[in-house]
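The chain contents come next:
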Amino acid sequence: MARKRVTVLGGGVIGLSIAWRAAQAGFAVAVRDRGSAHAGSWVAGGMLAPVSEAWPGDEAVLALGLESIRLWPGFARELGVRLNTAGTLVTAVDAADAAVLDQHAAHLAAHGLEFQVLGAAGLREREPGLGPSVRSGLNIPGDLAVSARTLLAALRTACAEAGVRFTGVAESEVDGSTTVIAAGAWSAELHPALRDVIHPVKGEILTLLARPGALEAPERTIRAQVRGRAVYLVPNETRSGLLVGATQYEAGFDPTVRVRGVLDLLTDAEEVWPALTEYALAETSVGFRAGSRDNTPLIDWLEPGVLAATGHHRNGVLLAPVTARRVVELLGEAA
């Protein structure tokens, strides 16, 4: 009996996770991808952080994120990728930033989520390289992180081993009894039902590498408020460098890196981790997140034979395991 065919449009973390799990479930899977250098997965920070990302009004995203992070250890083991399990520090610089942190802490407490409030001494006990103006913070031990580019390579290998076919045909050309649209910010171009739902959210991210003699990167991910602006610092797997991000603009598919964006990121990151001024600026990148109307991803049928798995915004890497599981469930129900 012929296996049911599935075509996945999109070869980022979401699309590859779906393809891998669908192939494991017995479907004949093909992946079609444009291979954009600005795809959200390629420039993602790799934070698996439903707790430090939690804010009032995003309860649906929080619930989905908590479900997905429980799947991540097993997901990573199967792929052979390393997770950073050191957690996240969320930090504040001035009184206004500290007030935002207090609101965050109240929200986490209301949902029974694990965190600890830290003063300056407690923060530096955990990360001695923090700058002198960092005054308060939260320790969130349950957050994880992963190298998004390592993850992409591992997923592609796992897909190939599971029998997934990769084609160079344009995404708009559909072949298969079922199509899964998982093309991130480009998904809006692929079905009329997504046209006014999914939109690109531009973000700039910097890759910094420690030069000889420089202080190594922090052990933990650091998410900071610096005089009203958000910045994050994610150490690489060997603590020999940092990803610093990320700006956020509604600018369509503009691929240019703005000087102002780089300046803001470096200025704020230096205040949090002064040693990075001795690092090398190795790469500046622009990626496009798949924004949705309410920051909640769309994982459902658009019509018979066409599924959507898009609109993950900042949480595509985090939500990959739960998205893949849900899509395979929907495919199974329709088989």
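Up top is the structure.
Bear in mind that the values here come from a model prediction, so they are computed numbers and not experimental data. (Residues numbered from 1 in each chain as written. Predicted model: local features only at pLDDT ≥ 70, side-chain atom pairs only at ≥ 80, totals over all residues. Heavy atoms only, no water.)

### Remarks on the pattern of salt bridges
For clarity, the threshold we go by: A pair is scored as a salt bridge if a Lys or Arg side-chain nitrogen falls within 4 Å of a carboxyl oxygen belonging to Asp or Glu. Numbering goes from the N terminus for both helices and strands, where a helix is a DSSP run of H or I of at least four residues and a strand is a run of E of at least two. Each residue is placed in one exposure class: buried if its accessible area under a 1.4 Å probe, protein chains only, is under 20% of its type's maximum, exposed if it is over 50%, and partly exposed if it falls in between.
This model, assessed by the stated rule, comprises 16 salt bridges. Between Arg239 and Glu216 there is a salt bridge, with the nearest N and O atoms lying 3.3 Å from each other. With Arg239 in the loop between β12 (229-235) and β13 (241-245) and Glu216 in the loop between β10 (199-210) and β11 (221-226), this residue pair connects regions lying 23 residues apart in the sequence. Note on Arg239: relative accessible area 27%, which makes it partly exposed.

### Remarks on the packing of aromatic side chains
The condition is simple: Geometry of aromatic contacts follows a simple scheme: Phe, Tyr and Trp rings, the Trp one being its six-membered ring, pair when their centres are within 6.5 Å, and the pair is stacked under 30 degrees between planes, edge-to-face over 60, tilted otherwise. The rule is short: NZ of Lys or CZ of Arg within 6 Å of the ring centre and within 35 degrees of the ring normal puts a charge over the ring.
Within this structure, the stated rule accounts for five aromatic pairs. Centroid distance Phe253 to Phe288: 5.2 Å. Interplanar angle 70°. Geometry classified as edge-to-face. You can see Phe253 sitting in the loop between β13 and α6 (259-272) and its partner Phe288 sitting in strand β14 (residues 279-291), a full 35 residues away along the chain. Put simply, the rings of Trp20, Trp72 and Phe75 touch in pairs and so form one group of aromatic residues. Geometry around Trp42 places Arg149 over its ring, the cationic atom sitting 4.0 Å from the centre. Positioned above the aromatic ring of Phe166, the side-chain terminus of Arg156 is 4.0 Å from the ring centre.

### Some thoughts on the pairing of strand β9 (residues 178-181)
Let me state the cut-off plainly: By the convention used here, strands pair only if DSSP detects at least 2 bridges between them.
The two faces of β9 match: Thr178 and Val180 on one face and Thr179 and Ile181 on the other face are all buried. Across four bridges, the pairing between strand β1 (residues 5-9) and β9 is parallel. Counted as the bridge partner of Thr7 is Thr179 from β9. Bridge analysis of β9 against strand β16 (residues 306-310) gives three bridges, and the strand direction is parallel. Its bridge partner lying in β16, Ile181 is registered against Ala308.

### A closer look at the packing of helix α2 (residues 59-79) against helix α5 (residues 148-161)
This is how the line gets drawn: An axis is simply a line fitted to the C-alpha atoms; with a helix, the fit covers only the stretch in contact. Between two such axes, the angle follows the N-to-C directions and lies from 0 to 180 degrees. Roughly parallel refers to an angle under 35 degrees, roughly antiparallel to one over 145, roughly perpendicular to one between 65 and 115, and oblique to any angle outside these ranges. Pairs of residues are marked as contacts when any of their non-hydrogen atoms sit within 4.5 Å. For this scheme, ten residues count as nonpolar: Ala, Val, Leu, Ile, Met, Phe, Trp, Tyr, Cys and Pro. Four count as charged, namely Asp, Glu, Lys and Arg, and the remainder, Gly too, count as polar.
The N-to-C vectors of α2 and α5 enclose an angle of 65°; their axes lie 9 Å apart at closest approach. Classed by the angle they form, the pair α2 and α5 counts as roughly perpendicular. From α2, Trp72, Phe75 and Leu79 reach across to α5, where they touch Leu151, Ala154, Leu155 and Ala158. For the contact of α2 with α5, the per-class residue count stands at seven nonpolar, no polar and no charged.

### Observations concerning the sheet that holds strand β6 (residues 136-140)
By definition, the strands of a sheet pair up through backbone hydrogen bonds, in either a parallel or an antiparallel sense. Within the open sheet, the eight strands sit side by side as β5-β6-β4-β11-β12-β13-β10-β14. Their pairing is mixed. Of all strands in the sheet, those bounded by a partner on one side alone are β5 (116-119) and β14. On average, each strand axis in the sheet is tilted by 20° relative to the strand beside it, whichever way the strands run. Relative to β12, α6 is tilted by about 70°, and along the sheet it contacts β10, β11, β12, β13 and β14.

### Details of the nonpolar core
Our working rule: We define a nonpolar core as any set of buried Ala, Val, Leu, Ile, Met, Phe, Trp, Tyr and Cys residues linked to one another through side-chain atoms lying within 4.5 Å.
Among the nonpolar cores identified, the biggest contains 47 residues, and Val8, Ile18, Val29, Leu48, Trp72, Leu79 and Leu151 are the most heavily contacted of them. For this core, the secondary-structure elements that each account for two or more residues are β1, α1 (13-24), β2 (28-32), α2, α5, β16 and α7 (320-334). If you tally residues by element for this core, the top one is α1, at eight residues. Those residues within four positions of Val8 in sequence are excluded, and the remaining contacts are Gly15, Ile18, Ala19, Val29, Ala30, Val31, Arg32, Val180 and Ala182.

### Some words on the sheet that holds strand β8 (residues 165-167)
Taken together, six strands build an open sheet; the order of strands is β8-β2-β1-β9-β16-β15 and the sheet is mixed. Each having just a single partner strand, β8 and β15 (298-303) make up the two edges of the open sheet. Averaged over all neighbouring strand pairs, the angle between strand axes comes to 20°, with direction disregarded. Pairing of β2 with β8 involves three bridges; the strand directions are parallel. Looking at the pairing, Arg32 lines up with Thr167 of β8. In the packing of α1 onto the sheet, contacts are made with β1, β2, β8, β9 and β16, and the angle to β2 comes to roughly 165°.

### A few points about the side chain of Arg220
Selection rule: Pairs of N or O atoms are called polar contacts if they sit within 3.5 Å, as long as, within protein, a hydrogen donor faces a hydrogen acceptor (for residues adjacent in sequence, only side-chain-to-side-chain pairs).
Among the secondary structure elements, Arg220 is positioned in the loop between β10 and β11. Arg220 sits in the buried class, given a relative accessible area of 13%. A polar side-chain atom of Arg220 sits 3.5 Å from a polar atom in the side chain of Glu219. Ignoring sequence-local partners within four residues, the contact set of Arg220 consists of Ala86, Gly87, Leu89, Arg126, Glu127, Asn139, Leu233 and Pro235.

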